[in-house]
Amino acid sequence: MLPPRRQPLDLDAAARLAEGVLERDVRATARLIRGIDDLNPGVWQALDPLAVHAGKARIIGITGAPGVGKSTLTGQLARHYVARGERVAVVAVDPSSPYSGGAVLGDRIRFDAISADVFVTSLATRGALGGLSRALPAVLLVLDAFGVDRVLVETVGVGQDEVDVAAVADATVVVLVPGLGDDVQAIKSGLLEIADLYVVNKADRPGAKRLLADLELSRESRALRTGSRPDALLCQALSGLGVAEVAAALDAMPTPNRLGRARIALAVKSAVQARFDQALTRALALRREPVGPLHTFDEAVSSLWDDVTVESP
Ligand SMILES: Nc1nc2c(ncn2[C@@H]2O[C@H](COP(=O)(O)OP(=O)(O)OP(=O)(O)O)[C@@H](O)[C@H]2O)c(=O)[nH]1
Ligand SMILES: [Mg+2]
């Protein structure tokens, strides 16, 4: 089935949305984010005037296995930052994440869920047209230009997403819990690799201290390889115990200003990938057979490439 072709935004509409974002208009910002998530070809024009205003927000990725308490910790951290006067955005990559209870703006943008100072949005882009990597850098750019001080990005660490989030985050928090496996061996090694900070959550449960001790080896091997040893902390996100310490550990990290130009470059790259994926999906959908009645591999590739490049907006 052909993916629906959304009405692209025209230049004027895109420029108005960009102005809205810079004026801290929540609706314009939400609309632009929704456009990015829908891979609307017109939104990329709106990113242009925003890029120069981005580069100030600190992006924190929060990842870990399902159910470890990522959303609970994210909510607690958001409250912590708001209490000290920061403007915070939360991006939930899993749309089922429970940031509910606020006014609904559009179909996926929820606002006022944690407090009036927190902008909450969910991305649904995973799956059909490529993963999280397609939409997230551009969405971060918009939130940054919108003027938030901090963006908390929650992803479930079960696939490529946590690696993608580590590439755009200034700091990546990997949340673990005791009792999932006997030791650190049971934890996906990819998760251990990307952590700037390990949080052993649900420390009210037995085995938390043991898990913390077991992490020592991973921390040590990271220290040997990269020269920096990620911190590991106990936390009880549900009661809030240890949350201030998690925030303090994040504050203490040197800011590798990955946010600036590098993130803008990533947003551009992901926009191109998104457009390409769209054109490829469309070109394939228009064919009865993926490669058609062709003789050589090269002919098949050239023919599909022609279709894709003609289809590209
Ligand atoms: N005992 C205990 N339970 C907790 C703690 N933190 C969170 N929980 C509970 O763990 C469950 C899962 O919490 P979530 O925050 O939804 O976990 P998540 O990692 O976001 O889950 P997914 O997004 O579904 O992967 C909820 O019932 C929480 O109340 C804690 O410190 N101790
Ligand atoms: Mg969650």
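Residues numbered from 1 in each chain as written. Chains lettered and ligands numbered in written order. Predicted model: local features only at pLDDT ≥ 70, side-chain atom pairs only at ≥ 80, totals over all residues.

## Section: the overall build of the chain
Move 1: For the chain, the count of helices and strands is 11 helices and 9 strands.
Move 2: Counting across all 313 residues of the chain, residues that qualify as buried make up 45%.
Move 3: Pairs at least 24 residues apart make up 75% of the contacts formed inside the chain by residues separated by at least 6 positions. (Helix = DSSP H or I, 4+ residues; strand = E, 2+ residues; numbered from the N terminus. Buried ≥ 20, exposed ≤ 12 C-beta atoms within 10 Å, placed from the backbone. Contact = placed C-beta atoms within 7 Å.)

## Here we look at the pairing of strand β6 (residues 150-154)
Move 1: Buried residues dominate β6, accounting for 5 of its 5 residues.
Move 2: Residue alternation in β6 divides its side chains into two sets, Arg150, Leu152 and Glu154 and Val151 and Val153, and both sets are buried.
Move 3: With 5 bridges joining them, strand β1 (residues 58-64) and β6 adopt parallel strand pairing. Paired with Gly61 across the bridge in β6 is Val153.
Move 4: Across 5 bridges, strand β2 (residues 88-92) lies against β6 in parallel orientation. Directly across from Ala89, in β6, lies its bridge partner Val151. (Pairing = 2+ DSSP bridges.)

## Focus on the environment of Asp149
Move 1: Mapped onto the fold, Asp149 is located in the loop between α5 (132-146) and β6.
Move 2: Put simply, Asp149 and Gly85 are 64 residues apart on the chain and 9.6 Å apart in space, counted from C-alpha to C-alpha.
Move 3: When near neighbours in sequence (up to four residues on either side) are disregarded, Asp149 contacts Ala57, Arg58, Glu86, Arg87 and Val88.

## A short note on the site of ligand 1
Move 1: Around ligand 1, the surrounding shell holds 18 residues, and the nearest of these are Gly69, Lys70, Ser71, Thr72 and Leu238.
Move 2: When its residues are assigned to classes, the shell around ligand 1 shows 6 nonpolar, 7 polar and 5 charged. (Near = placed C-beta within 6 Å. Nonpolar A, V, L, I, M, F, W, Y, C, P; charged D, E, K, R; others polar.)

## Some words on the packing of helix α4 (residues 70-83) against helix α9 (residues 243-252)
Each pair of packed helices gets described by two things: the angle between the helix axes and the distance between those axes.
Move 1: Relative to each other, α4 and α9 sit at 70°, their axes nearing to 10 Å. As summarised for this structure, α4 and α9 are arranged roughly perpendicular, according to the angle between their axes. Residues Gln76, Leu77 and His80 of α4 pack against Val243, Ala244, Val246 and Ala247 of α9.
Move 2: For the contact of α4 with α9, the residue count by class is 5 nonpolar, 2 polar and no charged. (Axes fitted to C-alpha atoms, helices over the stretch in contact; angles between N-to-C directions. Parallel < 35°, antiparallel > 145°, perpendicular 65-115°, else oblique.)

## Observations regarding unusual backbone geometry
Move 1: Even without a glycine there, the phi angle at Arg24 is positive, about 65°.
Move 2: Along the polypeptide, Arg24 turns up in the loop between α1 (11-22) and α2 (26-37).
Move 3: With 14 C-beta atoms packed within 10 Å, Arg24 lands in the partly exposed category.
Move 4: Even without glycine at this site, Lys202 takes up a positive phi of about 60°.
Move 5: With 24 C-beta atoms counted inside 10 Å, the residue Lys202 sits in the buried group.

## Describing the pairing of strand β9 (residues 231-234)
Move 1: The pairing of strand β8 (residues 197-200) with β9 spans 4 bridges and is classified as parallel. For Leu197, the partnering residue across the bridge sits in β9 and is Asp231.
Move 2: Crossover handedness for the path β8 to helix α8 (residues 208-226) to β9: right-handed. (Right-handed = clockwise from strand over helix to strand, strands pointing away.)

## Thoughts on the nonpolar core
Move 1: Counting 81 residues, the largest nonpolar core has Val139, Val142, Val151, Val153 and Val200 as its most contacted members.
Move 2: Considering every element that reaches this core, the biggest residue donor is α5, with 10 residues.
Move 3: When residues no more than four places from it in sequence are discounted, the contact partners of Val142 are Val21, Thr29, Leu32, Ile33 and Leu50. (Core = buried A, V, L, I, M, F, W, Y, C linked by C-beta atoms within 7 Å.)

## Quick notes on the packing of α1 against α2
Move 1: Between α1 and α2, whose axes approach to 7 Å, the crossing angle comes to 125°. Between α1 and α2, the angle is such that the two are oblique. For the crossing formed where α1 meets α2, the hand is left-handed. Contact with α1, carried on its side by Leu17, Gly20 and Val21, involves Ala28, Thr29, Arg31 and Leu32 of α2 and no other residues of that element. (Left-handed = near helix turned anticlockwise from the far one by under 90°.)

## A closer look at α2
Move 1: Along its 12 residues, α2 runs 16 Å from first to last C-alpha, staying within 8% of the 16 Å computed at 1.5 Å per residue.
Move 2: A large share of α2 lies buried, amounting to 10 of its 12 residues.
Move 3: Listed as buried for α2 are Ala28, Thr29, Ala30, Arg31, Leu32, Ile33, Arg34, Gly35, Ile36 and Asp37.
Move 4: Just past α2, the residue Leu39 takes up positive phi, approximately 55°. (Expected span 1.5 Å × (residues − 1).)

## A short note on the environment of Val139
Move 1: Topologically, Val139 is positioned in helix α5.
Move 2: Remark: the alpha-carbon pair of Val139 and Thr121, spanning 18 residues in sequence, is separated by 9.7 Å.

## Thoughts on the confidence of the model for the chain
Move 1: Chain-level statistics for the chain give a pLDDT mean of 78 and a share of 76% at 70 or above.
Move 2: Note on residues 95-113: pLDDT under 50 across the span, and 43 contacts to partners over four residues away in sequence or across chains. (pLDDT = per-residue confidence, 0-100.)

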